[in-house]
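As a plain string of letters, each chain reads:
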Amino acid sequence: MKVVAAYLLAVLGGNSCPSADDLKNILSCVGAEADDNRIELLLSEVKGKDITELIAAGREKLASVPSGGGAAVTVSAAAAGGAAPTPAAEPKKEEKVEEKEESDDDMGFSLFD
């Protein structure tokens, strides 16, 4: 992740094609160790590709990944053979409980007197 972050920082800084030395310089500025193998792997994977297209493709891939408990309820209902759809869970209404402020009356003095 450090190498990817350094690459993105270099691109955001105006360097559309950062080199391994650029990434090592960024990583050394923040005190992080630069792993040459990871840097070369990243640079070989993104060589000749537009970063905005790579990010857009990654977002599309992540959109298909289930992320939450709602899908599990639907799957379990379908696995159980239930034909009726389960109603969506309603958000819980939180009751506001006002706490009574503590009084200094029983101590007989105030902090600011």
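Caption draft 1: A look at the nonpolar core. V3, A6, Y7, A20, L23, L27, I39, L42, L43, V46 and I51 form the largest nonpolar core, which has 11 residues in total. Elements with a minimum of two residues in this core: α1 (2-12), α2 (20-29) and α3 (36-46). Here this core takes four residues from α3, the largest share from any one element. Discounting chain neighbours no more than four positions away, the residues touching L23 are V3, A6, Y7, P18, I39, L42 and L43.

Caption draft 2: Spotlight on a nonpolar patch on the surface. On the surface, V4, L8 and I55 cluster together into a nonpolar patch covering about 200 Å² of accessible area. Residue placement: V4 occurs in helix α1.

Caption draft 3: Here's a closer look at the environment of L9. Secondary-structure assignment places L9 in helix α1. You can call L9 exposed: its relative accessible area is 54%. For the pair L9 and L23, spaced 14 residues apart in the sequence, the C-alpha separation amounts to 9.0 Å.

Caption draft 4: Region of interest: helix α4 (residues 51-63). Between the first and last C-alpha of α4 there are 18 Å, a value that for 13 residues agrees with the 18 Å anticipated at 1.5 Å per step. Among the 13 residues in α4, one count as buried, and that is only a small part of the element.

Caption draft 5: Looking closely at the pattern of salt bridges. The final tally for this structure, using the stated rule, is two salt bridges. The closest approach of N and O atoms between D35 and R38, which form a salt bridge, is 3.3 Å. Classification of D35 as partly exposed rests on a relative accessible area of 34%.

Basis of the calculations
Residues numbered from 1 in each chain as written. Predicted model: local features only at pLDDT ≥ 70, side-chain atom pairs only at ≥ 80, totals over all residues. Heavy atoms only, no water. Core = buried A, V, L, I, M, F, W, Y, C linked by side-chain atoms within 4.5 Å. Buried < 20%, exposed > 50% of the residue type's maximum accessible area, 1.4 Å probe, protein only. Helix = DSSP H or I, 4+ residues; strand = E, 2+ residues; numbered from the N terminus. Contact = heavy atoms within 4.5 Å. Patch = residues over 30% accessible without salt bridge, like charges linked within 9 Å, V, L, I, M, F, W, Y side chains within 5 Å. Areas by Shrake-Rupley, 256 points an atom, 1.4 Å probe, with all protein chains shown as cover. Salt bridge = Lys/Arg side-chain N within 4 Å of Asp/Glu carboxyl O. Expected span 1.5 Å × (residues − 1).

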